[in-house]
Amino acid sequence: MSLNKRVALVTGASRGIGKAITLRLGQMPDLYMIGTATSEQGATAITHYLKEAHIEGQGMVLDVSS
């Protein structure tokens, strides 16, 4: 990741509206995407679809309920 990139963090990015927002924001230049999910399986799915769409970023586990 370049030090000049901005970072966008989207919660609930493994499916639905969160996934759509992540994919749309990922089209912006100089943006590193972090998509969060409440499970490791969801985080892995996010990393996979970002890579498939040629978007720089990754999925991470984050439970915002606690």
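See the structure printed just above.
Residues numbered from 1 in each chain as written. Predicted model: local features only at pLDDT ≥ 70, side-chain atom pairs only at ≥ 80, totals over all residues. Heavy atoms only, no water.

Caption draft 1: View of the sheet that holds strand E2 (residues 31-37). If you walk across this open sheet you meet the 3 strands as E1-E2-E3, and the pairing is parallel. The sheet terminates laterally at strand E1 (6-10) and strand E3 (57-61), the two strands that pair on one side only. If you compare each strand with its neighbour and ignore which way they point, the axes differ by 25° on average. Sheet topology note: the E2/E3 ladder contains 5 bridges and is parallel. Residue pairing across strands places Ala 37 opposite Val 61, the latter belonging to E3. Across the sheet, helix H1 (residues 16-25) touches E1 and E2, and the angle it forms with E1 is around 165°. Packing of helix H2 (residues 40-52) onto the sheet brings it into contact with E2 and E3, and relative to E3 it is tilted by some 175°. (Pairing = 2+ DSSP bridges. Helix = DSSP H or I, 4+ residues; strand = E, 2+ residues; numbered from the N terminus. Axes fitted to C-alpha atoms, helices over the stretch in contact; angles between N-to-C directions. Contact = heavy atoms within 4.5 Å.)

Caption draft 2: Quick look at the environment of Tyr 49. Relative to the elements of secondary structure, Tyr 49 occurs in helix H2. The class for Tyr 49 is buried, based on a relative accessible area of 8%. Taking C-alpha positions, Tyr 49 is 9.4 Å from Gly 59, a pair spaced 10 residues apart along the chain. Those residues within four positions of Tyr 49 in sequence are excluded, and the remaining contacts are Ala 13, Lys 19, Thr 22 and Leu 23. (Buried < 20%, exposed > 50% of the residue type's maximum accessible area, 1.4 Å probe, protein only.)

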